[in-house]
Amino acid sequence: MEAVAAVYLMAAVLLGAAGASKAVTPEPASAALARLQLYHRHWAVRLLGLIELIVAASAFIVGGIVPATALAALYAGFAVVAAAMVRSGSAEPCGCFGRIEMPATRRHVTMNVLAVAVGLLAASWPLEAIDKLFDTRQWLFAPFAVVVVAGAYGAFAWLSRPVPS
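Residues numbered from 1 in each chain as written. Predicted model: local features only at pLDDT ≥ 70, side-chain atom pairs only at ≥ 80, totals over all residues. Heavy atoms only, no water.

Engineer: Would you mind going over the overall build of the protein chain in detail, with residue names and values included?
Structural biologist: Looking only at helices and strands, the protein chain has 7 helices and 0 strands in total. Taking 2.2 N^0.38 as the reference for a compact globule, 165 residues should give roughly 15 Å; the C-alpha atoms of the protein chain span a radius of gyration of 16 Å, in line with that estimate. Summarising its shape, the C-alpha atoms of the protein chain cover approximately 50 × 35 × 25 Å along the three principal directions. Counting over 165 residues, the protein chain shows a buried share of 43%. Accessible surface for the protein chain amounts to roughly 8900 Å². Of this, 70% is attributable to carbon and sulfur atoms. (Helix = DSSP H or I, 4+ residues; strand = E, 2+ residues; numbered from the N terminus. Rg over C-alpha atoms; globule rule 2.2 N^0.38 Å. Buried < 20%, exposed > 50% of the residue type's maximum accessible area, 1.4 Å probe, protein only. Areas by Shrake-Rupley, 256 points an atom, 1.4 Å probe, with all protein chains shown as cover.)

Engineer: Lay out the nonpolar core with the relevant residues and their values.
Structural biologist: Counting residues in hydrophobic clusters, the biggest one holds 42 residues, and the most contacted among them are Y8, L9, L15, L71, Y75 and F144. Among the secondary structure elements, those contributing two or more residues to this core are α1 (2-24), α3 (42-61), α4 (65-88), α5 (106-124), α6 (130-133) and α7 (141-160). Setting aside anything within four residues of it in sequence, one finds Y75 in contact with A11, L14, L15, N112, A115 and V116. (Core = buried A, V, L, I, M, F, W, Y, C linked by side-chain atoms within 4.5 Å. Contact = heavy atoms within 4.5 Å.)

Engineer: Tell me about the packing of aromatic side chains, residues and numbers included.
Structural biologist: All told, the structure shown has 3 aromatic pairs when counted by the stated rule. When the ring of Y39 is compared with that of W43, the centres are 6.2 Å apart and the planes differ by 75°; the resulting orientation is edge-to-face. Owing to a relative accessible area of 54%, W43 belongs among the exposed residues under this scheme. Each ring, one from F97 and one from F156, has its centre 4.9 Å from the other, and the planes form 80°; the classification is edge-to-face. (Phe/Tyr/Trp six-rings, centres within 6.5 Å; stacked < 30°, edge-to-face > 60°.)

Engineer: Can you break down the packing of α1 against α4 residue by residue, with the values?
Structural biologist: As a packed pair, α1 and α4 sit with axes 11 Å apart at the nearest point and diverge in direction by 60°. The orientation of α1 relative to α4 falls into the category oblique. The interaxial crossing formed by α1 with α4 has left-handed handedness. Along its contact with α1, which presents Y8, A11, A12, L14 and L15, the element α4 presents P67, A68, L71, L74, Y75 and F78. Its residues assigned to classes, the contact of α1 with α4 comprises 11 nonpolar, no polar and no charged. (Axes fitted to C-alpha atoms, helices over the stretch in contact; angles between N-to-C directions. Parallel < 35°, antiparallel > 145°, perpendicular 65-115°, else oblique. Left-handed = near helix turned anticlockwise from the far one by under 90°. Nonpolar A, V, L, I, M, F, W, Y, C, P; charged D, E, K, R; others polar.)

Engineer: Can you explain α3? Please cite residues and give values.
Structural biologist: Count 3.6 residues to each turn of an α-helix, and residues three or four apart come out pointing the same way. When the terminal C-alpha atoms of α3 are compared, their 28 Å separation across 20 residues agrees well with the 28 Å that a helix rising 1.5 Å per residue should span. All of the buried residues along α3 are A44, V45, G49, E52, V55, A56, S58 and A59. Where α3 is buried, its residues meet α1, α2 (27-35) and α4. Where α3 terminates, the next one or two residues include G63, which has phi positive at roughly 70°. (Expected span 1.5 Å × (residues − 1).)

Take it as geometry only, folks, not as evidence of what the structure does.
The following block contains the structure:
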């Protein structure tokens, strides 16, 4: 169960980081949505970012079915948008992480689809809040936290790598 929790919380960390970036700097995501002719007002992108941040935090603090399902739903939407961006052939930034310039690639679609799967798995096997996950083995919390943060950073680094020509 800890392995599923680790991957799920990695997805939550990425979601929270992307949400915070959009809430602070909505312009890149707004521009990307405008290119797809989707609703792209700055306030809506900020609100989406705040929702992402709330879902990510609730994955850690609350646990259970609702945050996991919300995480899966958000990533499903992102998978559709990323696939549309990839299909359009645009090399423009996707705005996923605010001002960090990275175009949507097949990696984004793959990562989003995997996050949907892990979110649904976490919802079907309800994971508890992080403070209850290690009730009996608290010594595991620190290495677990390192794995989650390092895994999320590794996923971000993989997403932001330039695509070979």
